[in-house]
Amino acid sequence: MNIFERIEDIRAFSLEGKRNGKTIGFVPTMGCLHKGHFSLMKEAKAKSDVLIVSNFVNPAQFGANNEDYQKYPRMPEQDNALCAENKVDAVFFPGKDEIYPLQNSTWVIEDELSSGLCGRSRPGHFRGVCMVVAKLFNIVLPDIAVFGQKDYQQAKIIEKMVYDLNFPVKIIIAPTVRDNDGLAMSSRNKYLSPEERKKAPTIFESLENAARQFVAGEKRTNEITGEIRLRISQSGAKVDYIEILDAEILKPIDGKTKKVLIAVAAFFGATRLIDNIVVTL
Ligand code: AMP
């Protein structure tokens, strides 16, 4: 497995693959890899010839007060070993100055799907995500890129960015991978105390319960969000948002809605966790 820190080296690697008629699959990550990331790698590998994974903690997507940028877990050696185990062909592991040598004054802003949910709670977050993903697409030159449903809003924003800006990249959204008790795997789960970790599966339990209510015909979204709020609050967490939206346009559901997104963000102590479930009507 190759590990490249320089833009010119990963680009040369990708171009060489293309010259040999290979398709390039890409999984962007911020490292601290877990089974959620591995499932994206598997999906990308199955749909392409050469698999590239990037490992870059993107400062531009951490919002006010740098959020947890400084303390975001970093374990590149372990990550590289895990990438090798998962049949990654090349890891792109750039330093901050390789990606942002100067303060950029050009931004990529998606301003429709980004306005609610995490975009409301974390101003500037998706501008940073779009910026780094656009840069990585221009650097890695992938044919396909895989994103996780766990970050549903992010995946939909990237799809829209690719559509709006004509990136020649096919976006695939892969299902959320969970621990046995239902908690969505996340690099941030490491921050949870044992007590918080025990309570955290409440998020998915309440989402599943909400999905069942929806399928059973309950259409009063306030009732459903109210019950999710109650369950999560009773577990000791502080709700950031609970939203029920049309899963395609991320707007309130109406008669035309075919897929419903039920999305939650909640703080367990200082740790902000997100999760979602999509119900097809
Ligand atoms: P991150 O390293 O957290 O920025 O995530 C990198 C990619 O992995 C994103 O596309 C995430 O949506 C995806 N991802 C993170 N956690 C999971 C999970 N539990 N299941 C599936 N994909 C995930």
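Residues numbered from 1 in each chain as written. Predicted model: local features only at pLDDT ≥ 70, side-chain atom pairs only at ≥ 80, totals over all residues. Heavy atoms only, no water.

Structural notes on the domain arrangement of the protein
The condition that has to hold: Note that the domain bounds were set by an automatic or database domain assignment. The criterion used for residue contact is that any of the two residues' heavy atoms lie within 4.5 Å. Here the buried area means the combined drop in accessible surface, using a 1.4 Å probe, for two parts upon being joined, counting both sides. Note on definitions: salt bridges are taken to be side-chain nitrogens of Lys or Arg within 4 Å of carboxyl oxygens of Asp or Glu. Polar contact is the term for a pair of N or O atoms within 3.5 Å; when the atoms are in protein, one must be able to donate a hydrogen and the other to accept it, and sequence-neighboring residues count only if both atoms are side-chain atoms.
Domain annotation for the protein reports domain 1 (2-174) and domain 2 (187-280). Here the C-alpha centre of domain 2 lies 26 Å away from the C-alpha centre of domain 1. Counting residues at the interface gives 23 residues for domain 1 and 20 residues for domain 2. Counting each side, the surface lost to burial between domain 1 and domain 2 is near 1,900 Å², with a carbon and sulfur contribution of 52%. Area buried by domain 1 at its contact with domain 2 is led by Leu-117, Lys-150 and Tyr-152, which between them contribute 32% of it. Along the contact surface separating domain 1 from domain 2 lie 4 salt bridges. The residue Asp-68 makes a salt bridge to Arg-188 at a minimum N-O spacing of 3.0 Å. Inspection of the region where domain 1 meets domain 2 yields 11 residue pairs in polar contact (both at pLDDT 80 or more).

Brief notes about the side chain of Ser-187
Heads up, the condition is: Helix numbers and strand numbers start at the N terminus; a helix is a DSSP run of H or I with at least 4 residues, a strand a run of E with at least 2. Three exposure classes are used, based on accessible area relative to the maximum for each residue type with a 1.4 Å probe and protein chains only: buried under 20%, partly exposed in between, and exposed over 50%.
Here Ser-187 is to be found in the loop between strand S6 (170-174) and helix H8 (194-199). Taking the relative accessible area as the measure of exposure, Ser-187 reaches 5% and is therefore buried. There is a polar contact of 3.5 Å between the side chain of Ser-187 and the side chain of Tyr-72. With residues up to four places along the chain from it excluded, the contact list for Ser-187 reads Gly-31, Cys-32, His-34, His-37, Tyr-72 and Pro-73.

Section: the nonpolar core
Short version of the rule: As used here, the term nonpolar core means buried Ala, Val, Leu, Ile, Met, Phe, Trp, Tyr and Cys residues forming a set that is joined through side-chain atoms within 4.5 Å.
Ranked by internal contacts, the top residues of the largest apolar core, which has 46 residues, are Ile-52 and Phe-137. Of all the elements, helix H6 (residues 125-140) adds the most residues to this core, at 11 residues. Residue contacts for Phe-137: discarding those within four places in its chain leaves Phe-26, Pro-142, Ala-145, Phe-147, Ile-158, Met-161, Val-162, Phe-167, Val-169 and Ile-171. Ranked by size, the runner-up nonpolar core spans 24 residues in total, among them Ala-237, Ile-242, Val-260 and Ile-262.

Things to note about the packing of aromatic side chains
Rule in force here: Each Phe, Tyr or Trp ring (for Trp, its six-membered ring) is paired with any other whose centre lies within 6.5 Å, and the angle between the two planes then decides the class: stacked below 30 degrees, edge-to-face above 60, tilted in between.
For the structure shown, the criterion picks out 7 aromatic pairs. For the pair Phe-62 and Tyr-69, a centre-to-centre distance of 5.3 Å together with 65° between the ring planes defines the contact as edge-to-face. When its relative accessible area of 6% is taken as the criterion, Phe-62 is described as buried. Its relative accessible area of 10% is what places Tyr-69 among the buried residues. Here the aromatic rings of Phe-62 and Tyr-72 are separated by 5.8 Å at their centres, their planes lie at 75°, and the arrangement is edge-to-face.

A few points about helix H3 (residues 76-85)
Applied cut-off: This arc is taken over the directions from the axis of the helix to the C-beta atoms.
Buried residues of H3: Asp-79, Asn-80, Leu-82 and Cys-83, and no others. Viewed along the axis of H3, the buried residues span an arc of 165°, placing them on a single side of the element. Exposed side chains of H3 directed beyond 90 degrees from the buried face belong to Glu-77 and Glu-85. Buried-residue contacts for H3 involve strand S1 (2-4), helix H2 (35-46), strand S3 (50-55) and strand S4 (90-92).

Some details on the pattern of salt bridges
In total, this model carries 20 salt bridges according to the counting rule given. Two residues, Asp-164 and Lys-160, come together in a salt bridge whose shortest N-O distance is 3.2 Å. Taken together, the residues span about one helical turn, with Asp-164 and Lys-160 both in helix H7 (residues 152-165) at a distance of 4 residues. Exposure remark for Lys-160: the relative accessible area of 30% places this residue in the partly exposed category. Taking the shortest distance from any N to any O, the salt bridge between Asp-275 and Arg-178 comes out at 2.8 Å.

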